[in-house]
Amino acid sequence: MLGNMLGGFIVILVGVNLIPTIADQISTAGTNDGTVDQANLSTVNSTAFTILDLTTIFFALGIMAAGVSLAIGGLRNAGLV
Amino acid sequence: MPVWFKRKIIYFPLLFLFLISFVLAVPPVRETTTFTGDTGISIQAPTMPYMRIGAAGELAIHLFNVTNGKLLTPNNTDIECSAALMWPNGSNLLIIKQATHHDDHYKLYFSENNITREGFYGFTIHCNNSHTGGYLTDYFRATTTGEEVTTTVDSEDELLLYFVFALSILLLAFAFWKQDQHLAAISGMLMFMLGLYIIINGFSAVSTTLSLTLGIVFICIGAYIFIRSSMENF
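Residues numbered from 1 in each chain as written. Chains lettered and ligands numbered in written order. Predicted model: local features only at pLDDT ≥ 70, side-chain atom pairs only at ≥ 80, totals over all residues.

Undergrad: Tell me about the overall build of chain B, and please be specific about residues and values.
TA: Along its length, chain B carries 5 helices and 10 strands. Buried positions account for 24% of the 234 residues belonging to chain B. Here the contacts in chain B between residues at least 6 apart in sequence split such that 62% fall between residues at least 24 apart. (Helix = DSSP H or I, 4+ residues; strand = E, 2+ residues; numbered from the N terminus. Buried ≥ 20, exposed ≤ 12 C-beta atoms within 10 Å, placed from the backbone. Contact = placed C-beta atoms within 7 Å.)

Below, the structure is given as structure tokens:
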């Protein structure tokens, strides 16, 4: 129970701290309006940037799932779910 | 009405549908054109694919008669040339209304204040007189060095990539062995970061398309492991 919660908190902590790094990297890769800043990159084209732009959302979804999992685990152990 | 006909009657609307195209088909217009030869002006300008930011320069434009290939010089024609240089976003950067006459050709000059950003610049050169004309549209890339930008990953970076990949696989294997969803989630995060790095910086000498694919695959696998491991409790 405690180990599960501790692990969950560590995952959330690591994830939350990594999100700004990911967002920074993506903003370096392209401008906010979806166009690619060719000054910084030569590999990413506009199609790839669309996928790249979704990365932050998927990462946030993962952290959210970890949080929900932690809450459900806790509630289940307490017999509330 | 026979039974077989009743059964097949359903195919008739489909048949009619396909036949409509034949009914609606318009016969081709018969038009006779006589080829009288190409006319106009061929514009030749030796533009380089890469330019250095902040470089001043000039562009020599030679004009040729398309019909006979003869050089059209500013002295023996009344042709004038104009040009437009576009920013990487397509807006006008520089418009030269009349190119300078120079011996047997025309010249366009641009200063060190014109090309100030990295990126692809487009340009159009247009030469004409009252009855004939021609144009040339092309683009070039401005870089800090004036040479082609090649994306390379240093060997140390490459080693780090291998290390992160090995670490994420090791963590995943350990997560399966110990049945620990949190280790799998961290392994997924590492794969996320790995994919992101490969997409942005490329991977070694692998082509852009392949490194992009590799990066996207890593991100997808990372997302799957990260989200799926978190859903173990659901």
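Now that the structure is up, let's keep going.
Undergrad: Before we move on, can you summarise the interface of chain A and chain B with the specific residues and values?
TA: Each partner contributes residues to the interface: chain A has 29 residues there, and chain B has 30 residues. For the side of chain A that touches chain B, the elements supplying multiple residues, two or more each, are helix 1 (2-29) and helix 2 (46-77) of chain A. By residue number, the principal contributor to the side of chain A that touches chain B is helix 2 of chain A, which donates 13 residues. Of the residues in the side of chain A that touches chain B, the class split is 18 nonpolar, 11 polar and no charged. (Nonpolar A, V, L, I, M, F, W, Y, C, P; charged D, E, K, R; others polar.)

Undergrad: Which residues make up helix 4 (residues 181-201) of chain B, and what values do they have?
TA: All names here are of chain B. For helix 4, spanning 21 residues, the distance from its first C-alpha to its last is 30 Å, which sits close to the expected 30 Å at 1.5 Å a residue. The element helix 4 is largely enclosed, with a buried count of 20 among its 21 residues. Positive backbone phi, at 80 degrees, marks Gly202, one or two positions downstream of helix 4. (Expected span 1.5 Å × (residues − 1).)

Undergrad: Please give an account of the environment of Leu212(B) that cites residues and values.
TA: Residues and elements named next belong to chain B. When you line up the elements, Leu212 lands in helix 5 (residues 208-230). Among the residues examined, Leu212 registers 22 C-beta atoms within 10 Å and is labelled buried. Along the sequence, Leu212 and Gly202 sit 10 residues apart, while their C-alpha atoms lie 7.2 Å from each other.

Undergrad: Now, about the pairing of strand 8 (residues 105-110) of chain B: what can you tell me, with residues and values included?
TA: Residues and elements named next belong to chain B. Where strand 3 (residues 57-65) lies against strand 8, 5 bridges are found, and the strand directions are antiparallel. Among the inter-strand pairings, Ala60 is bridged to a residue of strand 8, identified as Lys107. Note that strand 7 (residues 100-102) and strand 8 share 3 bridges and pair antiparallel. Among the inter-strand pairings, Thr100 is bridged to a residue of strand 8, identified as Lys107. In this structure, the hairpin formed by strand 7 and strand 8 is closed by a connection of 2 residues, where Asp103 is found at a positive phi of approximately 50 degrees. (Pairing = 2+ DSSP bridges.)

No statement about biological role is implied by the geometric values presented.
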